[in-house]
Amino acid sequence: KAGVTQTPRYLIKTRGQQVTLSCSPISGHRSVSWYQQTPGQGLQFLFEYFSETQRNKGNFPGRFSGRQFSNSRSEMNVSTLELGDSALYLCASSLMGLAGGGAEQFFGPGTRLTVL
Amino acid sequence: GIQVEQSPPDLILQEGANSTLRCNFSDSVNNLQWFHQNPWGQLINLFYIPSGTKQNGRLSATTVATERYSLLYISSSQTTDSGVYFCAVVFRREYGNKLVFGAGTILRVKS
């Protein structure tokens, strides 16, 4: 069974631009969640989607948004990029998601975003 | 507030040595996972262990949920074990269902 895939793997953008990252979960998994990893803040939860609905959202500004499609693939969008958005963005998939403790989470390889 | 604390923050070992990494969490959890982050950034699943003991080769883990801690044991360490080890939990109470990560333990294994 193929693992979680993320595209692109690397991105360089300039301040003020917007970016869209993509995540394809493990086949059959209905939950996709997103995390941001920076040296200063560590790994932080952005949001979770389950069956095309956002179930939970972390403490990030509205510039960070996402969506999930009927095939469970998810996209994350960051508008009006700031230097501080430079980070590794990881997505995770699971069968039933995080509610009630949730099932085991499986992570993709990440997208490394650099904002200049 | 809710916390996940890992210790030690850094660990340097000689190849062949054993080590124990610790994860303390501040409240009851429904989910606890250990991950190894490889040099390219991917989080590799080691254990899904909200309670009890599991073993996988040279690695084993124990979670004592009533005392709010988990331990990851690495025996006969190899240079390929180097990297960052993360503990992550989903708290049982409604803090927002999400994986909360510790700051990680950086492990360096020298040959």
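Starting from 1, residues in each chain are numbered consecutively following that chain's sequence as written. As a convention, the first chain written is A and the first ligand written is 1, with the rest following in written order. Only residues with pLDDT of 70 or above have their local features reported here, since the model is predicted, and side-chain atom pairs are shown and tallied only from 80 upward, although totals for entire chains, interfaces and linings are computed over all residues. The side-chain numbers reported here are obtained from all heavy atoms of the structure, hydrogens and water having been left aside.

Undergrad: It is not clear to me how the pattern of salt bridges should be interpreted in this structure. Could you clarify?
TA: Side chains bearing opposite charge may pair, as long as their charged atoms lie close to each other. Whenever a carboxyl oxygen of Asp or Glu lies within 4 Å of a side-chain nitrogen of Lys or Arg, that contact is scored as a salt bridge. Within this structure, the stated rule accounts for eight salt bridges over all chains. Across the pair E75(A) and R67(A) runs a salt bridge, and its minimum N-O distance is 3.2 Å. Ionic pairing is found between R108(B) and D10(B), a salt bridge with its closest N-O pair at 3.4 Å. Of this pair, R108(B) sits in strand β11 (residues 105–110) while D10(B) sits in strand β2 (residues 10–14), placing them 98 residues apart in sequence. Within this structure, R63(A), E82(A) and D85(A) form a network of salt bridges that share partners. Starting at the N terminus, helices and strands are each numbered in turn, a helix being any DSSP run of H or I of at least four residues and a strand any DSSP run of E of at least two.

Undergrad: Is there a simple way to explain the interface of chain B and chain A in this structure?
TA: In many reports, interface size means the accessible area that the parts give up when they come together. Contacts are assigned to residue pairs with any non-hydrogen atoms lying within 4.5 Å of each other. In this complex, chain B contributes 18 residues to the contact, which on the side of chain A involves 21 residues. Throughout, buried area stands for the accessible area (probe radius 1.4 Å) lost by two parts on being put together, summed over both. Interface area, chain B with chain A, both sides summed: about 1,600 Å², of which 53% is carbon and sulfur. Run the count over chain B and chain A and you get zero salt bridges. Here a polar contact means two N or O atoms within 3.5 Å. Within protein one must be a hydrogen donor candidate and the other an acceptor candidate, and residues neighboring in sequence count only if both atoms are side-chain atoms. One can count seven residue pairs in polar contact (both at pLDDT 80 or more) joining chain B with chain A. Elements supplying a minimum of two residues to the side of chain B that touches chain A: β4 (29–37), β5 (43–48) and β9 (83–91) of chain B.

Undergrad: Would you take a moment to explain the state of the cysteines for this structure?
TA: Note on terminology: a disulfide is the covalent bond linking the sulfur atoms of two cysteines. Cysteine sulfurs are considered disulfide-paired once they come within 2.5 Å of each other. What the rule picks out here adds up to two disulfides over all chains. Through a disulfide, C23(A) is tied to C91(A); the S-S separation comes to 1.9 Å. The sign of the S-S torsion, about 75°, decides the handedness of the disulfide formed by C23(A) and C91(A): right-handed. Taken together, the positions of C23(A) in strand β3 (residues 19–24) and C91(A) in strand β9 (residues 87–94) put the pair 68 residues apart, joining distant regions of the chain. There is no split in this pair, since C23(A) and C91(A) are both buried. Disulfide partner of C23(B): C87(B), at an S-S distance of 2.0 Å. Burial here depends on accessible area, computed with a 1.4 Å probe over protein chains only, as a share of the maximum for the residue type. Under 20% is buried, over 50% is exposed, and the range in between is partly exposed.

Remember, this is a structural readout, not a statement about activity or role.
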